[in-house]
Amino acid sequence: MERMWVLEASMKYPKQWLVAVNLVWEPDNKLIGDVFMVTPDKKEAYDKVMELICTGEMGKVMVVEGYDDTPHIGSFAVCSQ
């Protein structure tokens, strides 16, 4: 596990799903946590979060989607060549 700012983790793992555990708010309004798992599968990430919430051993748990820099207009992805 790697302890880091959640926004930084989402930038580090683009287009992936992150499971963050042991989340705490820092005084400067940053959410800090441990990156427990990185996966390209959204369902797998949410299943792991539900499992961790049921056990209650990892504190606050959440799923974060990695940053995706693909420009969007409405509901269409824009691809330039």
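Before going into details, it helps to say that this report is about the structure given with it. Owing to the predicted nature of the structure, the values given are computational and were not obtained by experimental measurement. (Residues numbered from 1 in each chain as written. Predicted model: local features only at pLDDT ≥ 70, side-chain atom pairs only at ≥ 80, totals over all residues. Heavy atoms only, no water.)

Things to note about the nonpolar core
Where we set the bar: We call a set of buried residues a nonpolar core when its members are Ala, Val, Leu, Ile, Met, Phe, Trp, Tyr or Cys and they connect through side-chain atoms within 4.5 Å of each other. Burial classification: accessible surface area is computed with a 1.4 Å probe over protein chains only, and a residue below 20% of its type maximum counts as buried, one above 50% as exposed, and the rest as partly exposed. Note on conventions: DSSP H or I runs of at least 4 residues are helices, E runs of at least 2 residues are strands, and numbering of each starts at the N terminus. When checking whether two residues touch, look at their non-hydrogen atoms; a contact exists if any pair is within 4.5 Å.
Judged by nonpolar contacts, Trp17, Val19, Val21, Met37, Ala45, Val49, Leu52, Met58, Val61 and Val63 together constitute the single largest core of 10 residues. Broken down by secondary-structure element, the contributors of at least two residues to this core are β2 (17-25) and α2 (42-55). Excluding residues that lie within four positions of it along the chain, leucine 52 makes contacts with Val19, Val21, Phe36, Glu57, Met58 and Val61. Ala9, Leu23, Leu31 and Val64 belong to the second largest nonpolar core, which has nine residues in total.

Considerations on a nonpolar patch on the surface
Inclusion rule: Residues enter patches when their relative accessible area tops 30% and they take part in no salt bridge; the joining distance is 9 Å for like charges and 5 Å for the nonpolar side chains Val, Leu, Ile, Met, Phe, Trp and Tyr. All accessibility values rest on the Shrake-Rupley procedure with a 1.4 Å probe; residue burial counts only the protein chains present in the view. Any Lys or Arg side-chain nitrogen located within 4 Å of an Asp or Glu carboxyl oxygen qualifies as a salt bridge.
A cluster of nonpolar side chains, Leu7, Met11 and Tyr67, forms an exposed patch at the surface whose accessible area comes to about 300 Å². Looking at where leucine 7 falls in the secondary structure, it is placed in helix α1 (residues 6-12).

Section: the environment of aspartate 41
In this fold, aspartate 41 is placed in the loop between β3 (31-39) and α2. Residues aspartate 41 and lysine 15, 26 residues apart in the sequence, show an inter-C-alpha distance of 10.0 Å.

Description of α2
The condition is simple: Helix span, as expected, comes to 1.5 Å for every residue beyond the first. The arc in question is formed by the directions pointing from the helix axis toward the C-beta atoms. We call two N or O atoms a polar contact when they sit within 3.5 Å, provided that within protein one can donate a hydrogen and the other can accept it, with sequence-adjacent residues counted only if both atoms are side-chain atoms.
The first and last C-alpha atoms of α2 sit 20 Å apart over 14 residues, in line with the 20 Å expected at 1.5 Å per residue. Listed as buried for α2 are Ala45, Val49 and Leu52. Each buried residue of α2 lies within a common arc of 65° when the element is viewed along its axis, so the set occupies one face. Across α2 from its buried face, at more than 90 degrees, point the exposed residues Lys43 and Cys54. In this structure, the buried side of α2 is in contact with β2, β3 and β4 (62-65). At the N-terminal end of α2, a side-chain oxygen is found 3.3 Å from the backbone nitrogen of lysine 43, two or three residues along, and the residue is aspartate 41.

Without other data, these values stay purely geometric and don't point to any function.
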